[in-house]
Amino acid sequence: MNNISVVIPALNEEEPIAGVVGECFATNIPSEIIVIDNGSTDRTAELAREAGARVASEPRHGYGRACLAGIRALKPECEIVVFLDGDGSDRPEFMNQLVDPIAAGTYDFVIGSRTRGQRETGSMNFQQIFAGRLAGWLMSILYGVHYTDMCPFRAIRRDALDKLSMKEETYGWNLEMQMKAARSGLRILEIPVNHRRRAGGVSKVSGTLRGTFVAGARIIATFARIASNKL
Ligand SMILES: Nc1nc2c(ncn2[C@@H]2O[C@H](COP(=O)(O)OP(=O)(O)OP(=O)(O)O)[C@@H](O)[C@H]2O)c(=O)[nH]1
Ligand SMILES: [Mg+2]
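Read on for a plain summary of the structure. (Residues numbered from 1 in each chain as written. Chains lettered and ligands numbered in written order. Predicted model: local features only at pLDDT ≥ 70, side-chain atom pairs only at ≥ 80, totals over all residues. Heavy atoms only, no water.)

So, the pattern of salt bridges
A side chain of one charge can pair with a side chain of the opposite charge when the charged atoms of the two come close.
Okay, so step 1: Applying the stated criterion across every chain yields a total of 21 salt bridges.
Okay, so step 2: Between Glu-13 and Arg-198 there is a salt bridge, and its shortest N-O distance comes to 2.9 Å. Placement of Glu-13 in the loop between β1 (4-10) and α1 (17-26) and of Arg-198 in the loop between β7 (188-192) and α8 (209-227) is noted, with a sequence separation of 185 residues between them.
Okay, so step 3: Between Asp-159 and Arg-157 there is a salt bridge; the shortest N-O distance is 2.8 Å.
Okay, so step 4: Members of the salt-bridge network, linked through shared partners, are Glu-168, Glu-176, Lys-180, Arg-218 and Arg-225. (Salt bridge = Lys/Arg side-chain N within 4 Å of Asp/Glu carboxyl O. Helix = DSSP H or I, 4+ residues; strand = E, 2+ residues; numbered from the N terminus.)

So this is what it looks like as C-alpha cells:
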C-alpha cells in the first residue's frame, strides 16, 4: 500500500473538524492526517488532535498558506497527498477513487468534480458552479484539459506536487494546482464526487459577500499569473 497523507486546512472549524478526521480515518487509506490550524481562535486544534490528527499551525490566515504549511509538515515517506476541506462538505468515502488511479501508476493528479457529482441542496451556490465551469473552459483552451470544478478534494503524487512549486497563499491555491498540473503535463483524471453542506460552523468564503469577492479576485489574479507563464 502506498504511503498516503491527508492535509486538511481549517480555520475555526471546531464543530465539524473531529467528524472530518474520523471519516478520513474510517476509510483506512491515510497513514497520517495533518490538520493545519490556520489561526483558529476556537478549539479546532485541540479537537483535531483528540480525533487522532497531527496538528500543524500556520498562524497567518490564507487557504494557500495553510496548504503550503501542510506540505511542509508531510512525513518524508509520504507518496500521495490528499487535500480536503475541514468543514465536512467533502465526502471522504470517495477518497479511494481519488488515490487508486495514482497508486496504480495510471495518473499523477486526480481531482473531484462536485458539479458532476450529487450535491446536497444549498451546498454550492451559483457563483461557485459558474466559476468552476468558466475556469475549466478557459483551461481547456489554454492546455487542452477538461476540468469542470475547482474542487478542494483532490489527490496528487507527492513528487509531482513538489515539482509544481506552489506559491499561491490564498484562495487561488486550488486553481494554481490545476493549471500547473496541466501545464507541466501531469496525467490528470477528474471524477464526480458528491458534496454536502458544511457540517456546522460558519462559512468564510462562498457564504459571505466579502468572501466571495476576495476569493473571486484572488482566483482571477492567479489565473492571470499562471496563464502568462509566470511561476
Ligand atoms: N476562508 C478561509 N478558509 C480557510 C482558511 N484557512 C483554512 N480555511 C479552510 O478552508 C475551507 C474552506 O472554507 P469555507 O468557509 O468552507 O469556504 P466555502 O467552502 O466556500 O464555504 P461554505 O459554503 O461555508 O462551505 C474550510 O475548511 C476552512 O476552515 C483561511 O485563511 N480562510
Ligand atoms: Mg466549505
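Topic: the site of ligand 1
Okay, so step 1: Surveying the vicinity of ligand 1 reveals 18 residues, the closest of which are Glu-13, Asn-38, Gly-62, Asp-87 and Arg-198.
Okay, so step 2: Between ligand 1 and the protein, one listed contact pairs a nitrogen atom with a side-chain N or O atom of Tyr-171 at 3.0 Å.
Okay, so step 3: Considering ligand 1 on its own, with 610 Å² of exposed area, one finds that the protein chains cover 91% of that surface. (Near = heavy atom within 4 Å. Polar contact = N/O pair within 3.5 Å; in protein donor to acceptor, adjacent residues only side chain to side chain. Areas by Shrake-Rupley, 256 points an atom, 1.4 Å probe, with all protein chains shown as cover.)

With respect to the packing of aromatic side chains
Given two aromatic rings, one states the distance between the centres and the angle between the planes to describe the pair.
Okay, so step 1: Overall, the coordinates contain two aromatic pairs when judged by the stated rule.
Okay, so step 2: Ring geometry for Phe-83 against Trp-173: centres 6.0 Å apart, planes inclined by 65 degrees, an arrangement best described as edge-to-face. With a gap of 90 residues between them, Phe-83 in strand β4 (residues 80-83) and Trp-173 in helix α7 (residues 173-183) connect regions that are remote in the sequence. Take Phe-83 and Trp-173: they sit in the same class, and that class is buried.
Okay, so step 3: On the basis of an interplanar angle of 15 degrees and a centroid distance of 5.8 Å, the ring pair of Phe-126 and Phe-130 is categorised as stacked. Placement of the pair is Phe-126 and Phe-130 together in helix α5 (residues 126-143), with a separation of four residues, close to one helical turn. (Phe/Tyr/Trp six-rings, centres within 6.5 Å; stacked < 30°, edge-to-face > 60°. Buried < 20%, exposed > 50% of the residue type's maximum accessible area, 1.4 Å probe, protein only.)

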